[in-house]
Amino acid sequence: MAAALGWMHRDDIFPPPEEAGLAADDPVARCLAERAVDIDRMAAEGTITAQQADLFKSRAEALCQAQVGGGSGPPPQ
């Protein structure tokens, strides 16, 4: 069963090289990775539940998009 799960999520565990290069240059991906480390640490310590960790990660994605890019610019004039 573990092998089947590993196979199904192989791209999540070991991203293809072209995606890995894009993520390294993407400021949103870097921001999200930093936040995810903190959230995972809190979950491991028992400070937050797994359900709260999922919620925090979804909110972190929106925060990183707003802070470092990914949103639309001002309307054209």
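Residues numbered from 1 in each chain as written. Predicted model: local features only at pLDDT ≥ 70, side-chain atom pairs only at ≥ 80, totals over all residues. Heavy atoms only, no water.

Quick look at the overall build of the protein chain now. When its secondary structure is counted, the protein chain shows 5 helices and 0 strands. The order of helices and strands in the protein chain, counted from the N terminus, is α-α-α-α-α. For the protein chain, the residues scored as buried account for 9% of the 77 residues in total. For the protein chain, long-range pairs separated by at least 24 residues make up 50% of all intrachain contacts whose partners lie at least 6 apart in sequence. For the protein chain, the exposed surface amounts to about 6,200 Å²; the carbon and sulfur share of it is 60%. (Helix = DSSP H or I, 4+ residues; strand = E, 2+ residues; numbered from the N terminus. Buried < 20%, exposed > 50% of the residue type's maximum accessible area, 1.4 Å probe, protein only. Contact = heavy atoms within 4.5 Å. Areas by Shrake-Rupley, 256 points an atom, 1.4 Å probe, with all protein chains shown as cover.)

Across all of its chains, the model carries 3 salt bridges by this definition. Across the pair Lys57 and Asp40 runs a salt bridge whose closest N-O atoms are separated by 2.6 Å. In this pair, Lys57 sits in helix H5 (residues 50-68) while Asp40 sits in helix H4 (residues 27-45), placing the two residues 17 residues apart along the sequence. Look at Lys57 and you get partly exposed, because its relative accessible area is 30%. (Salt bridge = Lys/Arg side-chain N within 4 Å of Asp/Glu carboxyl O.)

With 19 residues, H4 extends 28 Å from end C-alpha to end C-alpha; this agrees with the ideal 27 Å at 1.5 Å per step. Contacts made by the buried residues of H4 are with H5. One or two steps after H4, the chain reaches Gly46, where phi turns positive at roughly 90°. (Expected span 1.5 Å × (residues − 1).)

The first and last C-alpha atoms of H5 sit 26 Å apart over 19 residues, in line with the 27 Å expected at 1.5 Å per residue. Of the positions making up H5, those classed as buried are Ala53, Ala60 and Cys64. Each buried residue of H5 sits inside an arc of 30° when the element is viewed along its axis, so together they form one side. Across from the buried face of H5, at angles greater than 90 degrees, the exposed residues are Gln51, Asp54, Arg59 and Ala66. Check the buried side of H5 and you find it contacts H4. (Arc of directions from axis to C-beta.)

One way to put it is that H4 packs onto H5 with a least axis distance of 9 Å and a crossing angle of 155°. Compared by their axis directions, H4 and H5 come out roughly antiparallel. Where H4 crosses over H5, the handedness of that crossing is right-handed. Counting all contacts with H4, which are made through Pro27, Val28, Cys31, Leu32, Arg35, Ala36, Ile39, Asp40, Met42 and Ala43, the residues of H5 involved are Ala53, Phe56, Lys57, Ala60, Glu61, Leu63, Cys64, Gln65, Gln67 and Val68. Partitioning the contact of H4 with H5 into residue classes produces 14 nonpolar, 2 polar and 4 charged. (Axes fitted to C-alpha atoms, helices over the stretch in contact; angles between N-to-C directions. Parallel < 35°, antiparallel > 145°, perpendicular 65-115°, else oblique. Left-handed = near helix turned anticlockwise from the far one by under 90°. Nonpolar A, V, L, I, M, F, W, Y, C, P; charged D, E, K, R; others polar.)

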